[in-house]
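# Structural characterization, general
Below, each chain spelled out in residue letters.
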Amino acid sequence: MQGQMIRTHLETERLRLRLFTLDDLQVMYELNSDPDVIKYADTPVKGMQEVRERMEQGPLADYNKYGYGRFAVELKETGKVIGFCGIKYLPEIDLNEVGYRYLKEYWGRGIGTEAAMVCVEFARDDLKLSKLIALIIPENIGSIRVAEKLGMTKGPLIHIYDVDALQYEMML
C-alpha cells in the first residue's frame, strides 16, 4: 500500500460510512444495550463508561494499530448513525472479518448488505486483502443472509470468543 492512502469514508446510494469518534457513544450504547441487537454478539453494556471502554479498545484502537476498523454507518438523508459495518483484523485467527450491527428499526431494509458490499470493495481495493470472513452464530439468520448476498460461502464451525461460530468466507 506504499504511497496509497486508506480511505476513511465510504459512500453508497443511501449510506455514508465514516470513522467512529467519541461523539458516537450514545448510538454505541443503543447498539450494545438492546438485547435483540446484541444477542448474537456480546453481553449488553451496563453503562456509558463501559461503552466508552469498548469504543476505545475496539474501533478506536483498531484505527491506531491497523489503520482500519469498523465504520459508523450514517443515513445520508438524516446524518443519523444507525449502526456499524467494516473490516476488523482478528489476531486470534490471523484473518480479517467483515462485521455489522444495526439498530433494530433499520433491519430488513437491505442496509446491512449495501454497507457490507462497499466494505468488501474497500477490503479488496484499499487494504489489498485476498480473503475475508464473517463469523456468525448459526442461529443468526439475518447475518447469514447478508454473508450469502456478499457471495460468501459457509466454511467450518469454529470455537472463538467462547462461542461456536460459522466461518463464512470469500476470496477477494
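Right above here is the structure, for reference.
What counts, and where the lines are drawn
- Residues numbered from 1 in each chain as written.
- Predicted model: local features only at pLDDT ≥ 70, side-chain atom pairs only at ≥ 80, totals over all residues.
- Heavy atoms only, no water.
- Core = buried A, V, L, I, M, F, W, Y, C linked by side-chain atoms within 4.5 Å.
- Buried < 20%, exposed > 50% of the residue type's maximum accessible area, 1.4 Å probe, protein only.
- Helix = DSSP H or I, 4+ residues; strand = E, 2+ residues; numbered from the N terminus.
- Contact = heavy atoms within 4.5 Å.
- Axes fitted to C-alpha atoms, helices over the stretch in contact; angles between N-to-C directions.
- Parallel < 35°, antiparallel > 145°, perpendicular 65-115°, else oblique.
- Nonpolar A, V, L, I, M, F, W, Y, C, P; charged D, E, K, R; others polar.
- Expected span 1.5 Å × (residues − 1).
- Pairing = 2+ DSSP bridges.
- Salt bridge = Lys/Arg side-chain N within 4 Å of Asp/Glu carboxyl O.

### Structural notes on the nonpolar core
Counting residues in each nonpolar core, the largest one holds 52 residues, and the members touching the most others are L17, C85, I87, V98, Y100, L132 and M152. In terms of residues, this core owes the most to one element, helix α5 (residues 111-125), which gives eight residues. Apart from residues no more than four positions distant in its own chain, C85 is found in contact with L17, R70, F71, V73, V98, G99, Y100, Y102, A115, A116 and C119. Residues L90, L95, L135 and I160 belong to the second largest nonpolar core, which totals eight residues.

### A word on the packing of helix α1 (residues 25-33) against helix α3 (residues 48-57)
Packed helix pairs are specified by the crossing angle of their axes together with the interaxial distance, meaning the distance between the axes. As a packed pair, α1 and α3 sit with axes 9 Å apart at the nearest point and diverge in direction by 100 degrees. Of the possible angle classes, the one that applies to α1 and α3 is roughly perpendicular. Across the interface between the two elements, L25, Q26, M28, Y29 and N32 from α1 touch M48, V51, R52, R54 and M55 from α3. Tallied by class, residues from the contact of α1 with α3 come to six nonpolar, two polar and two charged.

### Considerations on α5
Its 15 residues give α5 an end-to-end C-alpha distance of 21 Å, which sits within 8% of 21 Å, the value for a rise of 1.5 Å per residue. Of all 15 residues in α5, 11 are buried; the element is thus mostly enclosed. Buried within α5 we find I111, G112, T113, E114, A115, A116, V118, C119, V120, F122 and A123.

### Points about the environment of R145
Examined against the element boundaries, R145 turns out to sit in helix α6 (residues 141-149). Classification of R145 by relative accessible area gives partly exposed; the value is 49%. For the pair formed by R145 and G112, sequence separation is 33 residues and the distance between their alpha carbons is 9.7 Å.

### Remarks on the pairing of strand β8 (residues 163-171)
Bridge count between strand β6 (residues 131-136) and β8: six bridges; the pairing is antiparallel. For I136, the partnering residue across the bridge sits in β8 and is L166. Pairing analysis gives six bridges linking strand β7 (residues 153-160) to β8, with the strands arranged antiparallel. Bridging across to β8, T153 finds its partner in E169. The turn linking β7 back onto β8 is made up of two residues, and Y161 within it adopts a positive phi angle of 55 degrees.

### Focus on the pairing of strand β3 (residues 70-75)
The buried fraction of β3 amounts to six of the six residues, a majority that puts the element mostly inside the structure. Both faces of β3 are covered, namely the face carrying R70, A72 and E74 and the face carrying F71, V73 and L75. Summarising the sheet, strand β2 (residues 15-19) and β3 pair through five bridges and their orientation is antiparallel. For L19, the partnering residue across the bridge sits in β3 and is F71.

### Comments concerning the pattern of salt bridges
When their charged atoms lie close together, side chains carrying opposite charge are able to pair. What the rule picks out here adds up to 16 salt bridges. E11 is the salt-bridge partner of R16, the closest N and O atoms lying 3.7 Å from each other. Residue classification places R16 among the partly exposed residues on the basis of a relative accessible area of 26%. Of the charged contacts in the structure, one is a salt bridge between R54 and D42, with a shortest N-O distance of 3.4 Å. With R54 in helix α3 and D42 in the loop between α2 (35-38) and α3, the pair connects residues that are 12 residues apart, well separated along the chain. Taken together, the salt bridges that share partners define one network made up of E11, R16, R18, D24, E74 and K76.

Read these as layout, nothing more, since geometry by itself doesn't imply function.
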